[in-house]
Protein chains: 2
Amino acid sequence: MRIKNQAELERWLAQSKATPVLPERRAADKTKPIDPSVQRRIIGLDTALRCTGWGMIDVRGNQLKAVDCGVIKNSPKAAFSDCLRCLSSSVRELIELYRPNIAVIEGGFYCRNVKTAMVLGSARGAVIAVLAEAGIPIHEYAPRRVKQAVCGFGNASKQQVALLVEQFLAIQVDKMPLDSSDALALALCHAQNLTVAQGHGISPEI
Amino acid sequence: MRIKNQAELERWLAQSKATPVLPERRAADKTKPIDPSVQRRIIGLDTALRCTGWGMIDVRGNQLKAVDCGVIKNSPKAAFSDCLRCLSSSVRELIELYRPNIAVIEGGFYCRNVKTAMVLGSARGAVIAVLAEAGIPIHEYAPRRVKQAVCGFGNASKQQVALLVEQFLAIQVDKMPLDSSDALALALCHAQNLTVAQGHGISPEI
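Summarised in this report is the structure supplied together with it.

What follows concerns the interface of chain B and chain A. Counting from both sides, the interface comprises 28 residues of chain B and, opposite them, 28 residues of chain A. When residues of the side of chain B that touches chain A are traced back to their parent elements, those giving at least two are α3 (80–98) and α4 (114–133) of chain B. Looking at the side of chain B that touches chain A residue by residue, the class counts come to 17 nonpolar, six polar and five charged.

Here we take up the relation of the copies chain B and chain A. Each copy superposes on the other: chain B lies on chain A with an RMSD of 0.0 Å after a rotation of 180° and an axial shift of 0.0 Å. Within this description, the copies of the chain are treated as partners about a two-fold rotation axis. Most of the interface of chain B is mirrored in chain A, where 100% of its interface residues again form contacts.

The strands that make up a sheet pair up through hydrogen bonds in the backbone, lying either parallel or antiparallel. Residue and element names in this part refer to chain B. Taken in spatial order, the five strands line up as β3-β2-β1-β4-β5 in an open sheet, and their pairing is mixed. Of all strands in the sheet, those bounded by a partner on one side alone are β3 (63–73) and β5 (138–141). For this sheet the average axis-to-axis angle between neighbouring strands, irrespective of direction, equals 20°. Relative to β3, strand β2 (residues 51–60) runs antiparallel, the two sharing ten bridges. Residue Cys51 lies in a different strand from β3, and its bridge partner there is Lys73.

Let's shift gears to helix α3 (residues 80–98) of chain A. Taking 1.5 Å of rise per residue, the 19 residues of α3 of chain A would be expected to cover 27 Å, and the 27 Å separating its terminal C-alpha atoms lies within 8% of that figure. Taken as a whole, α3 of chain A has its buried residues at Phe80, Ser81, Cys83, Leu84, Arg85, Cys86, Leu87, Ser88, Ser90, Val91 and Leu94 of chain A. Of the surrounding secondary structure, the elements contacted by the buried residues of α3 of chain A are β1 (40–46), β2 (51–60), β3 (63–73) and α4 (114–133) of chain A together with α4 and β5 of chain B. Taken from the residues just after α3 of chain A, Arg99 of chain A is the one with a positive phi, measuring 45°.

Counting residues in hydrophobic clusters, the biggest one holds 114 residues, and the most contacted among them are Ala187 of chain A together with Ala187 of chain B. The contacts of Ala187 of chain A, once residues within four sequence positions are left out, are Ile42, Ile43, Gly44, Gly55, Met56, Ile57 and Val104 of chain A.

Residue and element names in this part refer to chain B. The contact between helix α5 (residues 143–151) and helix α6 (residues 158–169) brings their axes to 9 Å, and the two run at 45°. With respect to each other, α5 and α6 are oriented oblique. Every pair of crossing elements has a handedness; the one defined by α5 and α6 is left-handed. In this structure, α5 contributes Lys147, Val150 and Cys151 to the contact, and α6 contributes Gln160, Val161, Leu164 and Val165. Its residues placed into classes, the contact of α5 with α6 shows five nonpolar, one polar and one charged.

Residues and elements named next belong to chain A. With five of its seven residues buried, β1 lies for the most part within the structure. The pairing of β1 with β2 spans seven bridges and is antiparallel. Counted as the bridge partner of Ile42 is Ile57 from β2. Note that β1 and strand β4 (residues 102–106) share four bridges and pair parallel. In the strand pairing of β4, Ile43 is matched with Ala103.

Thresholds, definitions, all that
Throughout this document, residue positions are counted from 1 along each chain, in the order its sequence is written. For this description, chains carry letters from A and ligands carry numbers from 1, given in the order in which they are written. At least 70 in pLDDT is required for a residue's local features to be given in this predicted model, at least 80 for side-chain atom pairs to be given and counted, and no such filter applies to totals for whole chains, interfaces and linings, which use all residues. In this description, a residue-residue contact is defined by the distance between C-beta atoms placed from the backbone, which must lie within 7 Å. Helix and strand labels come from DSSP, where a helix needs a run of H or I of at least four residues and a strand needs a run of E of at least two; each type is numbered from the N terminus. Residue polarity is assigned by list, with Asp, Glu, Lys and Arg as charged and Ala, Val, Leu, Ile, Met, Phe, Trp, Tyr, Cys and Pro as nonpolar; anything else, Gly included, falls into the polar class. Our superposition of the copies is a least-squares fit, built on the C-alpha atoms of residues whose pLDDT is at least 70 in both. Strand pairing follows a simple DSSP-based rule, namely that at least 2 bridges must link the two strands. With axes taken as lines fitted to C-alpha atoms, and helix axes fitted only over the stretch in contact, angles between N-to-C directions fall between 0 and 180 degrees. Here the expected span of a helix is defined as 1.5 Å times the quantity of residues minus one. Exposure in this text rests on C-beta crowding, where 20 or more other C-beta atoms within 10 Å of a residue's own make it buried, 12 or fewer make it exposed, and counts in between make it partly exposed. The C-beta atoms are placed from the backbone. Defined on buried residues, the nonpolar core groups Ala, Val, Leu, Ile, Met, Phe, Trp, Tyr and Cys residues joined through C-beta atoms within 7 Å. Here is the rule for angles: anything less than 35 degrees is roughly parallel, anything more than 145 is roughly antiparallel, 65 through 115 is roughly perpendicular, and the remaining ranges are oblique. Put simply, a crossing is left-handed when the front helix is turned counterclockwise from the back one by less than a right angle, and right-handed when it is turned clockwise.

In structure tokens form, the structure reads like this:
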């Protein structure tokens, strides 16, 4: 990720065409069955009310492959309930389209403000309810643990995380919103615990 | 509500048979159309992760009538995601069964702890997402405002609220969990603003 300054990052974010489900992609993918050699398909979700990043990876033995990623964006003017409705229905569409069998979300982070915690909690609640209704087991990792797994140290920046995600998955993450590279990092963190450490470091299901 | 002490209240809560949807009631009610004279059917929801109270009332001009109420209970041992799944699917069943056209939830309350705010926010998020997906407008009232509307003063106890709900709706609330009388009070608060104050005091949709 080659971000020189905040203005450039914001321009990229604004230009980003990543949407949760593009109709043409959706129609095409629905006819395409999932490769049977895929042992696990993991969806990582970096939840927030206005911009939720998502990233999907496939695990085949020790091989990890990015499937797709994007952001679920809500306009700053959208009503609170509309944001939750959009979040909920978009995650349901993603599940229907990609059929992941494990979900990973961010958890255990520090939030100073009670009001912010309530809003963030609402977004998480809407997403977790949809995943749970689809019968997908959900794992939670603290941001520090994700950074440690992906970058080797817990206080890496979002840009450093994106760079390492790019290397791990051999993808080009330029112009990808940082929320979706964070979501891929969440999925990667769980996949690493599954494959490298023979499951010893896997966080329990929530 | 004639509650002498906490132990008695807890015994009542434990004995309560109120469940979100009883199969026999569900089957019977599905065949029964909603009375066309009903102008508005309001669902009040007092959301929490382990015990969410709900209450449904019908508004016909200045007349208010209780339809049903109950609690959505989750075992203290149930996993977090299971609680949200149950909450989400139970609210969806209630909507399907009773077809309310307005929802009222508690909001603007003070929560000291960030972790508690996050958990409570999750329960609210799961419920709001389901209501919004069903296209039901959602209004939010602070507990103080509900107590003022129902009891005439903002620091009424839960027992006093239950007593006034009993009087307003001419129902017997003995043995009813306080969470469901709180939910009926939320619906009543909105109904009062609709009918008595000609809509001047209605909280905006969230």
